[in-house]
There are 2 protein chains.
Amino acid sequence: MRMARPENAHQARLLGLLRDEGPRSRAELGDVVRLARSKLAVELDRLAVLGLVEQAGLAASRGGRRSGIVRLSSRLRFVGVDIGATSVDVAVTSGELEILGHLSEPCDVRSGPAAVLDRAMAMLGALRERGLFTEVHGAGLGVPGPVSFRDGVPVAPPIMPGWDRYPVRDAVAAELGCPALLDNDVNIMALGELHAGPARTVDDFLLVKIGTGIGCGIVVGSRIYRGVSGSAGDIGHIRVDDAGPLCACGNAGCLEAFFGGAALARDALAAARAGRSAFLAGRLAEAGEVTAADVAAAAAAGDPVAVAMVREGGRRLGQILAGLVSFFNPGLVVISGGVAGLGHPLLAEIRSVVYRRSAPLATGNLPIVLSELDGTAGVIGGARMISDQVLSVA
Amino acid sequence: MRMARPENAHQARLLGLLRDEGPRSRAELGDVVRLARSKLAVELDRLAVLGLVEQAGLAASRGGRRSGIVRLSSRLRFVGVDIGATSVDVAVTSGELEILGHLSEPCDVRSGPAAVLDRAMAMLGALRERGLFTEVHGAGLGVPGPVSFRDGVPVAPPIMPGWDRYPVRDAVAAELGCPALLDNDVNIMALGELHAGPARTVDDFLLVKIGTGIGCGIVVGSRIYRGVSGSAGDIGHIRVDDAGPLCACGNAGCLEAFFGGAALARDALAAARAGRSAFLAGRLAEAGEVTAADVAAAAAAGDPVAVAMVREGGRRLGQILAGLVSFFNPGLVVISGGVAGLGHPLLAEIRSVVYRRSAPLATGNLPIVLSELDGTAGVIGGARMISDQVLSVA
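Residues numbered from 1 in each chain as written. Chains lettered and ligands numbered in written order. Predicted model: local features only at pLDDT ≥ 70, side-chain atom pairs only at ≥ 80, totals over all residues. Heavy atoms only, no water.

Any chance you could explain the relation of the copies chain B and chain A here in plain terms?
Two chain copies here: they are related by a rotation about an axis and a translation along the same axis. Aligned on chain A, chain B shows an RMSD of 0.0 Å; the corresponding rotation is 180° and the shift along the axis is 0.0 Å. What the rotation and shift describe, once combined, is the action of a two-fold rotation axis. When the interface residues of chain B are mapped onto chain A, 100% of them again fall at the interface, so both copies present the same face. (Least-squares fit on C-alpha atoms with pLDDT ≥ 70 in both. Contact = heavy atoms within 4.5 Å.)

Explanation requested: the nonpolar core in the structure shown.
Looking at soluble globular proteins, one finds that nonpolar side chains tend to be buried together. In terms of nonpolar packing, the biggest core is built from 101 residues, with A:Phe327, A:Ile335, B:Phe327 and B:Ile335 touching the most fellow members. If sequence neighbours within four positions are ignored, B:Phe327 has contacts with A:Leu206, A:Cys216, A:Ile218, A:Ala232, A:Gly233, A:Ile235, A:Leu324, A:Phe327 and A:Phe328. (Core = buried A, V, L, I, M, F, W, Y, C linked by side-chain atoms within 4.5 Å. Buried < 20%, exposed > 50% of the residue type's maximum accessible area, 1.4 Å probe, protein only.)

What is the right way to read helix H4 (residues 113-129) of chain B from this model?
Think of an α-helix as turning once every 3.6 residues; residues three or four places apart then point the same way. Residue and element names in this part refer to chain B. Between its terminal C-alpha atoms H4 stretches 24 Å, which fits the 24 Å expected from 17 residues at 1.5 Å a residue. Next to the buried residues of H4 lie strand E4 (78-83), strand E5 (87-93), strand E6 (99-106), strand E7 (138-143) and helix H5 (168-176). Looking one or two residues beyond H4, the residue adopting positive phi is glycine 131, at roughly 80°. (Helix = DSSP H or I, 4+ residues; strand = E, 2+ residues; numbered from the N terminus. Expected span 1.5 Å × (residues − 1).)

Looking at this structure, I do not really get the interface of chain B and chain A. What am I missing?
When the parts of a complex come together, some accessible area is lost, and that lost area is often taken as the interface size. Contacts between chain B and chain A engage 43 residues on the former and 43 residues on the latter. Ranking the residues of chain B by area buried against chain A places B:Arg239, B:Phe327 and B:Arg357 at the top, with a combined share of 25%. Taken together, the connections running from chain B to chain A amount to two salt bridges. A salt bridge links A:Arg315 to B:Asp242; its shortest N-O distance comes to 3.8 Å. The interface formed by chain B and chain A contains 18 residue pairs in polar contact (both at pLDDT 80 or more). Of all elements in the fold, only strand E12 (214-220), helix H11 (304-328), helix H12 (344-357) and helix H13 (360-363) of chain B reach the threshold of two or more residues within the side of chain B that touches chain A. The biggest single contributor to the side of chain B that touches chain A is H11(B), with eight residues. Taken together, the residues of the side of chain B that touches chain A break down into 20 nonpolar, 13 polar and ten charged. (Buried area = accessible area lost by both parts, 1.4 Å probe. Salt bridge = Lys/Arg side-chain N within 4 Å of Asp/Glu carboxyl O. Polar contact = N/O pair within 3.5 Å; in protein donor to acceptor, adjacent residues only side chain to side chain. Nonpolar A, V, L, I, M, F, W, Y, C, P; charged D, E, K, R; others polar.)

Quick question: what am I supposed to make of the pattern of salt bridges here?
Pairs may arise between side chains of opposite charge once their charged atoms sit close together. A complete count under the given rule lists 49 salt bridges over all chains for this structure. The partner of B:Glu43 in a salt bridge is B:Lys39, and the shortest N-O contact between them spans 2.8 Å. You can see B:Glu43 and its partner B:Lys39 sitting in helix H3 (residues 37-49), four residues apart, about one turn around the helix. The buried category is assigned to B:Glu43, whose relative accessible area is 3%. One salt bridge connects B:Asp108 with B:Arg110, and the closest N-O pair in it is separated by 2.9 Å. Note on B:Arg110: relative accessible area 59%, which makes it exposed. Connected via shared salt-bridge partners are A:Arg239, A:Asp242, B:Asp241, B:Glu312, B:Arg315 and B:Arg316.

Please explain the state of the cysteines as it appears in this structure.
In protein chemistry, a disulfide is the covalent bond that joins the sulfur atoms of two cysteines. Across all of its chains, the model carries zero disulfides over all chains by this definition. A:Cys216 forms no disulfide, and the closest cysteine sulfur to it belongs to A:Cys254, at a distance of 16 Å. (Disulfide = S-S within 2.5 Å.)

Is there a simple way to think about the pairing of strand E5 (residues 87-93) of chain A in this case?
On any regular strand, side chains alternate: one points to one face of the sheet, the next to the other face. Residues and elements named next belong to chain A. Burial analysis of E5 places six of its seven residues in the buried class, the great majority of the element. Two strands pair when backbone bridges link them, and strand E4 (residues 78-83) and E5 are joined in this way by six bridges, in the antiparallel orientation. Directly across from aspartate 82, in E5, lies its bridge partner aspartate 89. Alignment of E5 against strand E6 (residues 99-106), held across seven bridges, turns out to be antiparallel. Bridge assignment links valine 92 to a residue of E6, and that residue is glycine 101. The turn linking E5 back onto E6 is made up of five residues, and leucine 97 within it adopts a positive phi angle of 65°. (Pairing = 2+ DSSP bridges.)

Can you walk me through the sheet that holds strand E11 (residues 205-210) of chain B in this structure?
The strands making up a sheet associate through backbone hydrogen bonding, with each pair oriented either parallel or antiparallel. All names here are of chain B. The strand order across the open sheet built from five strands is E13-E12-E11-E14-E15, with neighbouring strands paired in mixed fashion. Single-partner strands in this sheet number two, and they are strand E13 (223-224) and strand E15 (368-370). With respect to the sheet, H11 is in contact with E11, E12 and strand E14 (333-336), its orientation differing from that of E11 by roughly 160°. (Axes fitted to C-alpha atoms, helices over the stretch in contact; angles between N-to-C directions.)

Any chance you could explain helix H10 (residues 292-300) of chain A here in plain terms?
Residue and element names in this part refer to chain A. Within H10, the full set of buried residues consists of Ala292, Asp294, Val295, Ala298 and Ala299. When H10 is viewed along its axis, its buried side chains cluster within an angular range of 155° and face the same direction. Of the exposed residues in H10, the ones pointing more than 90 degrees away from its buried face are Ala293 and Ala300. Close packing links the buried residues of H10 with helix H8 (261-273), helix H9 (278-287) and helix H11 (304-328). The distance from a side-chain oxygen at the start of H10 to the backbone nitrogen of alanine 293 is 3.2 Å, and the residue carrying that oxygen is threonine 291. Note on H10: the residue one or two positions beyond its end, glycine 302, has a positive phi of about 90°. (Arc of directions from axis to C-beta.)

Can you walk me through the environment of B:Glu105 in this structure?
Residue and element names in this part refer to chain B. Counting through the fold element by element, glutamate 105 comes out in strand E6. The residues contacting glutamate 105, other than those within four sequence positions of it, are Thr86, Ser87, Val88, Arg119 and Met123. Here arginine 119 takes part through its side chain, which lies 2.8 Å from a polar atom of the side chain of glutamate 105.

Now the structure itself:
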């Protein structure tokens, strides 16, 4: 459903505060937005008339009359959809972007946009039947490939046959009767971290996703930086070393050819076949294949070949990240994605290289952390992306 | 002298337009800022009262009454000061940032802040004696090292003994009695390109300066991006190859250890001493030393060793730039600085590597060009930096 939009910058600021900080008393809101009491009352009244905010009781007294508590309309619902290579996640959130319901199902993105979007809409229907919402006020979607944000379509995505220029955004907007936005999965994960992760307090940060491939979400001034053609953060094919393995892109020595889910699976298969790792050979015999998850399990079990693979991958990723940290001087780096399940040995190796090789000023106060959002960064970020639009001046 | 500042965003927008586009008729201004005619007249009248704009004749008729032409006050003067490792440039500009006078003198930054700033003020005095100005309304300065932009001081600059935390900005502001700002030299050069170079039409771009060292100015949304601790763009010590020469920073294989003025001079000296280049050996015999400028001269004269050095340096710089282009997806890359005098052979090598190794979406429409500003980027950028402040709402 199309919501009313705020009418001016003050109203938009108030809505953003209520989304990010939760219900607040009128007195507290007045302190933060620095509006005169009478002006604040006018704007809040307008927002109530527009159906965007509502009264939620009285605050404790600060000495005088008790101040009314204001919150975003409790009817507000946003939807986040995170389409991965082999899964779909759908969540419904409140106006404050709290997850009210979340479903995750395996789904092959190669089955094409019609089938995948049908599946996502069916999952949303299941959430609706739980009584979580009647109307949706905006949907934000992510897909695992390059996107024209302006047009709302995937652009020549390598692992998404049939999706090229498919009108994902407009199809979902028409289906749900509400505004929708489409971005790539790494960017919506970065927005999720910005809203609900340790990046909340940082203006400029990097989210590095290590999945089958490797990508980076860039946040500048609390907004996604997309670059002039929308491909910013495409770091998977940065050169690590001329003498590296041949990459699917045709060059040699790309980061993804050294590390990432596909490279780990390739190296694990070689180690299993060569008998260098009993653990991985066992997995190969059982399942007929070995995956990055097997490498994680082997490393966790102390398998020395797997541990060496994780360390070597962390070192290579760290070398690239060190350069990006020198260049970009972020306030935080968040490591995320399936292969981030390799956990602390990976993180230790990345930190070691970045802290040693980046410009000293850039690492003086730079936390490098694993994501704490546990698979929800994408759906929260999708909801955040569309809420940024819906709660801004039209 | 402290100017009046614009009183609201409309006035600031009008001043920015008049600075960047030059004198405009009221009718043209109205078209661009989308203000009602009466509202526009009010704002322009206020700006005239504040002494920020003035009348400059009548425009040709567009059918009805002839529209008055408005320009920035012809008394407005900005100063740009570009302090290099071995030179100082001082320029005085009009409000439109046209250079009215420009002096450049050799000056060793190691002689310390008092001596260097005295020299710069004396140069400005010489420009004043030419009758170019009576009052200065703002000064923007650049120095060849890390800067705390907020504090207006250099921070632990490696090649500037005696400058650490010296209050450069406040000293100049007090001396001239006007607002001042301090940034590093690469950032003010990027602002110069943004104002007067091919970057005028691009929101997001990179300025790579190859001097004694190598640095990068990053422009996001037509503003300098400084990163969380002000060190963004510090690319000189990004790792090119583990098996590279030892760098002054203690690591091996940094970009600056491969390329830049100091590395070229080192390699040229080795070639001259080993008798591999008659040209460079001749220079060494004549002058007792060889410099990056000698390598440029040798390459221009067709000396094969020098040509190979330029190509190899371009290849190494190109490898790093390719990664940054994939990450940042800029709309333009400008190559500048003393070693950029190596010219088109260097540019050809950089282009070849970047176009081959960057993400295809990022290079689909990416010009890589040499700066056309010929040594004035820094002073224009300094004037631009302070004008951005002086012409904005206080």
